Amino acid sequence: MLTENEAESRFEIHVGGDLAGMVVYERRGQLLELIHTEIGERFQGAGLAGQLARYSLDAARARAARVLPTCPYIRKWIRRHPGYQDLVTREAS
């Protein structure tokens with residue numbers, strides 16, 4: 001299950017009730033900086049990071065937010081999925 005945990009400033013993915021991974025973010029107005037993606041060791045290799053990336057970017061799009069992808073994984077994911085390139089900003093303005 002994919003959720004947003006606003007209190008912790010992160011998007012989360014849960015598997016069988018366990019927190020399997022997260023994308024940590026910082027929100028500044030209409031800018032969403034995606035800082036770090038992390039998947040728990042026992043959940044790696046199941047495609048969860050990609051699901052989290054898509055969920056995070058879809059959440060930004062739904063809010064008409066711009067994205068600053070400082071997380072290397074998110075930057076790489078966006079390069080492979082150019083349909084999300086329109087969300088990206090180069091600087092925090």
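To start, this report covers the structure provided alongside it. (Residues numbered from 1 in each chain as written. Predicted model: local features only at pLDDT ≥ 70, side-chain atom pairs only at ≥ 80, totals over all residues. Heavy atoms only, no water.)

### Describing the pattern of salt bridges
Applying the stated criterion across every chain yields a total of seven salt bridges. Glu12 is the salt-bridge partner of Arg10, the closest N and O atoms lying 2.6 Å from each other. Glu12 carries the same exposure label as Arg10, and that label is buried. The partner of Arg28 in a salt bridge is Glu33, with the nearest N and O atoms 3.0 Å apart. The class of Arg28 is partly exposed, set by a relative accessible area of 33%. Of the residues examined, Glu33 reaches a relative accessible area of 14% and is grouped as buried. Through salt bridges with shared partners, a single network forms among Glu4, Arg27 and Arg63. (Salt bridge = Lys/Arg side-chain N within 4 Å of Asp/Glu carboxyl O. Buried < 20%, exposed > 50% of the residue type's maximum accessible area, 1.4 Å probe, protein only.)

### Some details on the pairing of strand E4 (residues 31-39)
In this structure, strand E3 (residues 18-28) lies alongside E4, joined through eight bridges in antiparallel fashion. Opposite Val23, over in E4, you have Thr37 as the bridge partner. The antiparallel hairpin formed by E3 and E4 contains two residues in its connecting segment, where Gly29 sits at a positive phi of about 60°. Alignment of E4 against strand E5 (residues 66-69), held across four bridges, turns out to be parallel. Across the sheet, residue Leu34 finds its bridge partner in E5, namely Pro69. Taken together, E4, helix H1 (residues 48-62) and E5 constitute a β-α-β crossover, and its handedness is right-handed. (Pairing = 2+ DSSP bridges. Helix = DSSP H or I, 4+ residues; strand = E, 2+ residues; numbered from the N terminus. Right-handed = clockwise from strand over helix to strand, strands pointing away.)

### Section: a positive patch on the surface
Residues Arg75, Lys76, Arg79 and Arg80 make up a contiguous surface patch of positive charge. For Lys76, the position within the fold is in helix H2 (residues 72-80). Taking the relative accessible area as the measure of exposure, Lys76 reaches 43% and is therefore partly exposed. (Patch = residues over 30% accessible without salt bridge, like charges linked within 9 Å, V, L, I, M, F, W, Y side chains within 5 Å. Areas by Shrake-Rupley, 256 points an atom, 1.4 Å probe, with all protein chains shown as cover. Lys, Arg positive; Asp, Glu negative; His and termini not counted. Charge placed at Lys NZ, Arg CZ, Asp CG, Glu CD.)

### Quick word on the nonpolar core
Among soluble globular proteins, nonpolar side chains are generally buried collectively. Residues Phe11, Leu34, Leu57 and Ile74 are the most contacted members of the largest nonpolar core, which totals 25 residues. When contributions to this core are tallied by element, the ones reaching two or more residues are strand E2 (10-15), E3, E4, H1 and H2. Once residues within four sequence positions are removed from consideration, Ile74 is found in contact with Val23, Leu34, Thr37, Ala53 and Pro69. (Core = buried A, V, L, I, M, F, W, Y, C linked by side-chain atoms within 4.5 Å. Contact = heavy atoms within 4.5 Å.)

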